[in-house]
Amino acid sequence: LNNQQSTIIYTSSNGGTSWIKKGTINFPITSLAWDGATLLASTTDNRFVTPPVYGAGILASSDGGVNFSPFQSNKGFVNNKFSGLDIFNSKLFALSNGTLYVSVDNGLNFSVVTSAGSSISGLLHAPDGSLIAYGTDIYKTTDGVTWTLQKAAVNFTLMSVSPNSQYYGYNY
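Thresholds applied
Residues numbered from 1 in each chain as written. Predicted model: local features only at pLDDT ≥ 70, side-chain atom pairs only at ≥ 80, totals over all residues. Heavy atoms only, no water. Buried < 20%, exposed > 50% of the residue type's maximum accessible area, 1.4 Å probe, protein only. Helix = DSSP H or I, 4+ residues; strand = E, 2+ residues; numbered from the N terminus. Pairing = 2+ DSSP bridges. Core = buried A, V, L, I, M, F, W, Y, C linked by side-chain atoms within 4.5 Å. Contact = heavy atoms within 4.5 Å. Salt bridge = Lys/Arg side-chain N within 4 Å of Asp/Glu carboxyl O. Phe/Tyr/Trp six-rings, centres within 6.5 Å; stacked < 30°, edge-to-face > 60°.

Draft legend 1. Molecular detail of the pairing of strand β4 (residues 39-43). Counting buried positions along β4 gives five out of five residues, so the element sits mostly inside the fold. Residues of β4 alternate between two faces, with Leu39, Ala41 and Thr43 on one and Leu40 and Ser42 on the opposite face, all of them buried. Alignment of strand β3 (residues 29-34) against β4, held across five bridges, turns out to be antiparallel. Within β4, the position partnered with Ile29 by the bridge is Thr43. Between β3 and the antiparallel strand that follows it, β4, lie four residues; Gly36 among them carries a positive phi value of about 105°.

Draft legend 2. Focus on the sheet that holds strand β5 (residues 58-61). Spatially, β3-β4-β5-β6 is the arrangement adopted by the four strands of the open sheet, whose pairing is antiparallel. Of all the strands in the sheet, the pair left with one neighbour each is β3 and β6 (69-70). Judged from the two bridges that link them, β5 and β6 form a sheet pairing that is antiparallel. Bridged to Ala60 within β6 is Ser69.

Draft legend 3. Molecular detail of the nonpolar core. Core analysis: the biggest nonpolar cluster contains 13 residues, and Phe93, Leu100, Val113, Ala133 and Trp147 have the highest contact counts within it. Elements with a contribution of two residues or more to this core: β8 (91-96), β9 (99-103), β11 (120-125) and β12 (131-135). Not counting chain neighbours up to four residues away, the residues in contact with Ala133 comprise Leu100, Ile120, Gly122, Leu123, Ile138, Tyr139 and Trp147. By size, the runner-up hydrophobic cluster in this structure holds 10 residues, among which are Ala33, Leu40, Phe82 and Phe110.

Draft legend 4. Quick look at the pattern of salt bridges. The final tally for this structure, using the stated rule, is one salt bridge. We note a salt bridge from Lys140 to Asp128, for which the minimum N-O separation is 2.6 Å. Linking Lys140 in strand β13 (residues 137-141) with Asp128 in the loop between β11 and β12, this pair joins segments that are 12 residues apart in sequence.

Draft legend 5. Fine view of the packing of aromatic side chains. Per the counting criterion, the structure on display carries one aromatic pair. Between Phe93 and Trp147 the ring centres are 5.8 Å apart and the planes differ by 80°, which places this aromatic pair in the edge-to-face class. A residue pair is termed long-range when its members are at least 10 positions apart, and Phe93 in strand β8 and Trp147 in strand β14 (residues 147-152) qualify at 54 residues. Neither Phe93 nor Trp147 differs from the other in exposure class; each is buried.

Any functional reading would require information that these geometric values do not contain.
Now the structure itself:
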């Protein structure tokens, strides 16, 4: 639950029938990623509230979302704000200001993923096990290294994914 100034983390162990509150982060959270031991949260800023809330980069929790601490300091990311985060094939993907970055050393270093295009607005695991980067174009990877253009268009937003189909929309 994100109220524009802070985010409450909930967890469910029964497919969403019931939820348990774990913790609260005093930043707007854009995505969560779990590597089996650590919960990572990407933050952004919200300058449309008073007082403005600025992003804190990537935060990490080793207690399932109860407490969070800085995962990394600003490693060259503009404004240290993130719109997406994902762990895929033992690589950490971070989305910042429309650019996709990858770390192969658990966030110590990041490099730009140039083969996934530009103006990326989101990441998603597809039912076939691949990772999709979407935005102005749609790219897909099955190994986290090679990205293939799926569809060139303008401002795609992923709406839903099912085992047989992917549904996209765009604002016009």
